[in-house]
Number of protein chains: 2
Amino acid sequence: MSEHIVKAYDEDLKTLHALIQHMGDLTIEQIKKATQSILKRDKKLAHEVIDEDYKIDLLEIKVDELAVRILALRQPVASDLRTVVAALKISNQVERIADYASNIAKRALLLNEIPPFPAVNGLSTLVKIPKRMLERALSAFATNDVSLALHVWHMDYEVDEQYNAYLRELFDGMIADSNNISACTHLLFAAKNIERIGDQSTNIAEAVYTMVTGKPFKENDKLRNEDEV
Amino acid sequence: MSEHIVKAYDEDLKTLHALIQHMGDLTIEQIKKATQSILKRDKKLAHEVIDEDYKIDLLEIKVDELAVRILALRQPVASDLRTVVAALKISNQVERIADYASNIAKRALLLNEIPPFPAVNGLSTLVKIPKRMLERALSAFATNDVSLALHVWHMDYEVDEQYNAYLRELFDGMIADSNNISACTHLLFAAKNIERIGDQSTNIAEAVYTMVTGKPFKENDKLRNEDEV
């Protein structure tokens, strides 16, 4: 390849990384805002999250278009090829996480129509680890850090524990008083979306693992048997 | 390319299609069995679904490995390249649908521990359209049929309507008697998984659209604003 072409190729790969990072940053912001919109009963903030979701959708399309362009024009091999394939997977996963944030914001709107319910506050604890998992999974992608990816993957156990404890709290609320059923159901779905942010972040971690090692992430598959409902 | 290489290349693309079709067939079977395991309170069948899920996980890995091999060795362009990229996306989407089937089977086990609840039967109606959507989305992929893909995409409206009606039924059940809360919550999550089979099938349809037309599926994005919680 001529020097010029090599340079253009490098630029393309850099842009691909930058686009994924930008998607990730926006999505992390969406998660924060969506949780706040429930905690502060902030309708305006909830609408903001819902309205901004299309930006992440458009970024996914951009990543996919650039990835296909790189595959067609540069015909990458070995680790470059694996990076492009990982980018295709990760753009899809981040876009789904952004959808979860948007779903949480939709629950904020529904919760705003009914009286405040104390268990709402549990969400602020619950969201911390999944948000951190996403940040670290993206950082593992940016730096080819396979041990960070594995670390993210293991963090999901904590999320599952916290999530199950929170579910029990909501069930107790429903059983104690049937007037709580609406609020608890909305919170159940909000919590489920948060739990799936963690779950989806492990998928990003798995894509990073395959990208760096060239091996499928399967040997550890059997360690986990989570319900992702 | 020599005749020999062209032939091997064609074989690779055929194998890619066959793997996706096999994944799809297994997954459709899993959806049927999972629903039956709830309807018939069949613990053995539920365990069967949960235990078979790894087969679909392994097929996803096979698709991804073959796709990467084709990209590296054959360096496809134009519509062949788009087919390989679509296969990477679709293998991931089918694998997720299989996870939903497995989640439904897990709910069957939990529902088996409590007394039968009549609203269970609603699931057999609810599952019909999503299952058909998946079948048609895969057939659209196999035959490059963009109009079938668009048709699948529109079927999702019906799923949303049926799902919302079913949710109302479950809420009424919970409000009527707090003893129903457990059963209704499990059914709520089972129904949500079914609804997401439809949702995820529209994602396959979108991947087929992009594969055939070479354009991102975005112009119609704004038509739908579904909550995928």
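Refer to the preceding data block for the structure.
Described below are features of the structure shown in this document.

Conventions used here
- Residues numbered from 1 in each chain as written.
- Chains lettered and ligands numbered in written order.
- Predicted model: local features only at pLDDT ≥ 70, side-chain atom pairs only at ≥ 80, totals over all residues.
- Heavy atoms only, no water.
- Helix = DSSP H or I, 4+ residues; strand = E, 2+ residues; numbered from the N terminus.
- Buried < 20%, exposed > 50% of the residue type's maximum accessible area, 1.4 Å probe, protein only.
- Contact = heavy atoms within 4.5 Å.
- Areas by Shrake-Rupley, 256 points an atom, 1.4 Å probe, with all protein chains shown as cover.
- Lys, Arg positive; Asp, Glu negative; His and termini not counted.
- Charge placed at Lys NZ, Arg CZ, Asp CG, Glu CD.
- Phe/Tyr/Trp six-rings, centres within 6.5 Å; stacked < 30°, edge-to-face > 60°.
- Axes fitted to C-alpha atoms, helices over the stretch in contact; angles between N-to-C directions.
- Parallel < 35°, antiparallel > 145°, perpendicular 65-115°, else oblique.
- Nonpolar A, V, L, I, M, F, W, Y, C, P; charged D, E, K, R; others polar.
- Least-squares fit on C-alpha atoms with pLDDT ≥ 70 in both.
- Buried area = accessible area lost by both parts, 1.4 Å probe.
- Salt bridge = Lys/Arg side-chain N within 4 Å of Asp/Glu carboxyl O.
- Polar contact = N/O pair within 3.5 Å; in protein donor to acceptor, adjacent residues only side chain to side chain.
- Expected span 1.5 Å × (residues − 1).
- Left-handed = near helix turned anticlockwise from the far one by under 90°.
- Core = buried A, V, L, I, M, F, W, Y, C linked by side-chain atoms within 4.5 Å.
- Disulfide = S-S within 2.5 Å.

Each helix and strand counted, chain A has 7 helices and 0 strands in total. In chain A, the order of α-helices and β-strands from amino to carboxyl end is α-α-α-α-α-α-α. The principal-axis extent of the C-alpha atoms belonging to chain A is close to 70 × 40 × 20 Å. Across the 229 residues of chain A, 56% fall into the buried class. A sequence separation of at least 24 residues applies to 83% of the contacts in chain A between residues at least 6 apart. Element-wise, carbon and sulfur atoms account for 52% of the exposed surface of chain A, whose accessible area totals about 9,600 Å². Here chain A holds 28 positive side-chain charges and 36 negative ones, and the gap between their average locations is 2 Å.

The next point concerns the packing of aromatic side chains. Residues and elements named next belong to chain A. Under the defined criterion, the tally for this structure stands at 5 aromatic pairs over all chains. Judged by centre distance (5.0 Å) and plane angle (85 degrees), the ring pair of Tyr-209 and Phe-217 falls under edge-to-face. Phe-217 carries the same exposure label as Tyr-209, and that label is buried. An aromatic cluster is present here, built from Trp-153, Tyr-209 and Phe-217 joined pairwise through their rings.

Attention now goes to the packing of helix 5 (residues 128-143) of chain B against helix 6 (residues 146-176) of chain B. Residues and elements named next belong to chain B. Contact geometry of helix 5 with helix 6 gives a least axis separation of 9 Å together with a crossing angle of 170 degrees. In terms of their interaxial angle, helix 5 and helix 6 are classed as roughly antiparallel. Contact with helix 5, carried on its side by Ile-129, Pro-130, Arg-132, Met-133, Arg-136, Ala-137, Ser-139 and Ala-140, involves Leu-148, Ala-149, His-151, Val-152, Met-155, Asp-156, Glu-158, Val-159 and Gln-162 of helix 6 and no other residues of that element. Considered class by class, the residues forming the contact of helix 5 with helix 6 number 10 nonpolar, 3 polar and 4 charged.

With an RMSD of 0.0 Å, the operation that places chain B on chain A is a rotation of 180 degrees combined with a shift of 0.0 Å along the axis. A rotation of that kind, with that shift, is consistent with a two-fold axis. Closest to the rotation axis within chain B is the C-alpha of Gln-75 of chain B, separated from it by 3.0 Å. With an isologous cut-off of 70% or more, the 98% of interface residues of chain B that recur at the interface of chain A puts this contact in the isologous class.

Glancing now at unusual backbone geometry. Residues and elements named next belong to chain A. Phi at Arg-41 takes a positive value of approximately 50 degrees, unusual for a residue other than glycine. Among the secondary structure elements, Arg-41 is positioned in the loop between helix 1 (3-39) and helix 2 (43-73). Taking the relative accessible area as the measure of exposure, Arg-41 reaches 32% and is therefore partly exposed.

Let us look at the interface of chain B and chain A. Contact residues are listed per partner, giving 48 residues for chain B and 48 residues for chain A. Both faces considered, chain B and chain A share a buried interface measuring about 4,100 Å² in area, 60% of it formed by carbon and sulfur atoms. Where chain B meets chain A, there are 4 salt bridges. We note a salt bridge from Glu-60 of chain B to Lys-89 of chain A, for which the minimum N-O separation is 3.5 Å. Inspection of the chain B/chain A interface yields 6 residue pairs in polar contact (both at pLDDT 80 or more). Elements with a contribution of two residues or more to the side of chain B that touches chain A: helix 2 (43-73), helix 3 (78-111), helix 6 and helix 7 (181-213) of chain B. With 13 residues, helix 3 of chain B is the largest single contributor of residues to the side of chain B that touches chain A.

The next thing to look at is helix 3 of chain B. Because each turn of an α-helix spans 3.6 residues, side chains separated by three or four positions in sequence point in the same direction. Between its terminal C-alpha atoms helix 3 of chain B stretches 50 Å, which fits the 50 Å expected from 34 residues at 1.5 Å a residue. Within helix 3 of chain B, 29 of the 34 residues are buried, which leaves the element mostly enclosed by the surrounding structure.

Here we take up the packing of helix 5 of chain B against helix 7 of chain B. Residues and elements named next belong to chain B. One can describe the packing of helix 5 onto helix 7 by two numbers: an axis separation of 8 Å at closest approach and a directional angle of 15 degrees. Here helix 5 lies roughly parallel to helix 7, going by the angle between them. For helix 5 against helix 7, the interelement crossing comes out left-handed. Counted together, Pro-130, Met-133, Leu-134, Ala-137, Ala-140 and Phe-141 of helix 5 and Ile-194, Ile-197, Gly-198, Ser-201, Thr-202, Ile-204, Ala-205, Val-208 and Met-211 of helix 7 form the full contact between these two elements.

Turning to the nonpolar core, a few remarks are in order. With 152 residues, the main nonpolar core has Ile-90, Leu-123 and Leu-187 of chain A together with Ile-90, Leu-123 and Leu-187 of chain B as its most contacted residues. With residues up to four places along the chain from it excluded, the contact list for Leu-187 of chain A reads Leu-111, Phe-117, Ala-119, Val-120, Leu-123, Tyr-166 and Leu-170 of chain A.

A few words on the state of the cysteines. With the rule as written, the count across this model stands at 0 disulfides over all chains. The thiol of Cys-184 of chain A is unpaired, and the distance to the nearest cysteine sulfur, on Cys-184 of chain B, comes to 14 Å. Accessibility expressed as a relative area gives 0% for Cys-184 of chain A, which makes it buried.

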